[in-house]
Amino acid sequence: LKPSDVRIFKRITMKNDAIIRFSVSLPEELLESLDRQIIERGHVSRSEFIRDLIREQIVEDRWSGEEEVVGVLTLIYDHHQKELSSRMIEIQHDATAKILCSTHVHIDHHNCLETIILSGLPAVIEETAGLIGGLKGVKFAKLTKTSTL
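First, a word on scope: everything that follows refers to the structure included in this document.

Scoring rules and cut-offs
Residues numbered from 1 in each chain as written. Predicted model: local features only at pLDDT ≥ 70, side-chain atom pairs only at ≥ 80, totals over all residues. Heavy atoms only, no water. Helix = DSSP H or I, 4+ residues; strand = E, 2+ residues; numbered from the N terminus. Buried < 20%, exposed > 50% of the residue type's maximum accessible area, 1.4 Å probe, protein only. Contact = heavy atoms within 4.5 Å. Areas by Shrake-Rupley, 256 points an atom, 1.4 Å probe, with all protein chains shown as cover. Axes fitted to C-alpha atoms, helices over the stretch in contact; angles between N-to-C directions. Parallel < 35°, antiparallel > 145°, perpendicular 65-115°, else oblique. Nonpolar A, V, L, I, M, F, W, Y, C, P; charged D, E, K, R; others polar. Salt bridge = Lys/Arg side-chain N within 4 Å of Asp/Glu carboxyl O. Pairing = 2+ DSSP bridges. Left-handed = near helix turned anticlockwise from the far one by under 90°.

1. Overview of the overall build of the protein chain
Okay, so step 1: When helices and strands are tallied, the protein chain shows four helices and six strands.
Okay, so step 2: Listed by position from the N terminus, the elements making up the protein chain come as β-β-α-α-β-α-β-β-α-β.
Okay, so step 3: Looking at the protein chain as a whole, 22% of its 149 residues are labelled buried.
Okay, so step 4: A sequence separation of at least 24 residues applies to 60% of the contacts in the protein chain between residues at least 6 apart.
Okay, so step 5: Roughly 10600 Å² of accessible area belongs to the protein chain as shown, and the carbon and sulfur atoms make up 54% of that amount.

This is how it looks when you write it as structure tokens:
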């Protein structure tokens with residue numbers, strides 16, 4: 001995309017952030033699909049929806065690079081599984097990724113929910129998440145990718 005490809009209409013300044021308006025041409029069917037997504041996801045406007053999509057793509061791009069990022073590993077596991085808790089802690093202590101914090105919640109008599117916030121290089125975070133998520137007794141593991149924009 002070249003600057004000449006985007007038609008800038010107006011620059012608005014809000015709290016030291018310049019907001020630039022531009023137009024986007026879409027086929028009618030795609031615009032209708034966009035509007036349905038906006039309603040389903042509860043966005044207040046097309047602009048906010050598009051900003052969120054752009055932010056998501058920037059985070060994805062950062063995770064494919066070599067810059068430090070932050071991830072949140074969400075786990076549900078059977079805390080009665082022999083040595084699972086100690087293996088999880090051992091992996092975290094041995095990890096090259098920085099473990100910033102973890103939260104442990106008892107869901108019921110058998111299941112715990114844990115979130116672990118990690119920072120570091122994307123590959124290192126993904127490796128740590130894979131090691132923990134692959135342990136016997138882990139029922140659910142999802143790494144949520146985040147980054148500063």
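Read on, since the account is not over.
2. Re the packing of helix H1 (residues 28–41) against helix H2 (residues 46–63)
Helix packing geometry: the angle between the two helix axes and the distance between the axes.
Okay, so step 1: Following both chains from N to C, one finds H1 and H2 inclined at 90°, their axes separated by 10 Å at the closest point. Looking at the two axes, H1 sits roughly perpendicular to H2. Contact with H1, carried on its side by Leu31, Leu34, Asp35, Gln37, Ile38 and Arg41, involves Arg46, Phe49, Ile50, Leu53 and Glu56 of H2 and no other residues of that element.
Okay, so step 2: Considering only residue class, the contact of H1 with H2 consists of six nonpolar, one polar and four charged.

3. Structural notes on the pattern of salt bridges
Okay, so step 1: Within the structure shown, the criterion is met by eight salt bridges.
Okay, so step 2: As a salt-bridge pair, Glu48 and Arg51 come within 2.9 Å of each other at their nearest N and O atoms. A residue pair is termed a helical-turn pair when its members lie 3 or 4 positions apart in one helix, as Glu48 and Arg51 do in helix H2 at three residues.
Okay, so step 3: Using a relative accessible area of 33% as the deciding quantity, one classes Arg51 as partly exposed.
Okay, so step 4: A salt bridge links Arg55 to Asp52, with the shortest nitrogen-to-oxygen separation between them at 2.8 Å. Of the two residues, Arg55 and Asp52 are both situated in helix H2; the distance of three residues between them amounts to about one turn of the helix.
Okay, so step 5: Within this structure, Glu48, Arg51, Asp52 and Arg55 form a network of salt bridges that share partners.

4. Side note on the sheet that holds strand S5 (residues 111–120)
Okay, so step 1: Within the open sheet, the four strands sit side by side as S4-S5-S3-S6. Their pairing is antiparallel. Of all the strands in the sheet, just strand S4 (98–106) and strand S6 (138–146) have a single pairing partner and so form its edges. With strand direction ignored, the average angle separating the axes of adjacent strands in the sheet is 15°.
Okay, so step 2: Of the pairings in the sheet, the one linking S4 to S5 comprises eight bridges and is antiparallel in character.

5. A closer look at the packing of helix H3 (residues 84–94) against helix H4 (residues 122–133)
Okay, so step 1: One can describe the packing of H3 onto H4 by two numbers: an axis separation of 10 Å at closest approach and a directional angle of 165°. As summarised for this structure, H3 and H4 are arranged roughly antiparallel, according to the angle between their axes. The way H3 lies across H4 gives a crossing that is right-handed. Of H4, the residues touching H3 (which contributes Met88, Ile91 and Gln92) are Thr128, Leu131 and Ile132.
Okay, so step 2: A breakdown of the residues in the contact of H3 with H4 according to their chemical character gives four nonpolar, two polar and no charged.

6. Some thoughts on the environment of Leu100
Okay, so step 1: Checked against the element boundaries, Leu100 lands in strand S4.
Okay, so step 2: Classification of Leu100 by relative accessible area gives exposed; the value is 52%.
Okay, so step 3: Through-space distance from the C-alpha of Leu100 to that of Ile116 is 7.6 Å; in sequence the pair is 16 residues apart.
Okay, so step 4: When residues no more than four places from it in sequence are discounted, the contact partners of Leu100 are Ile117 and Ser119.

Just geometry here; none of it tells us what the structure is for.
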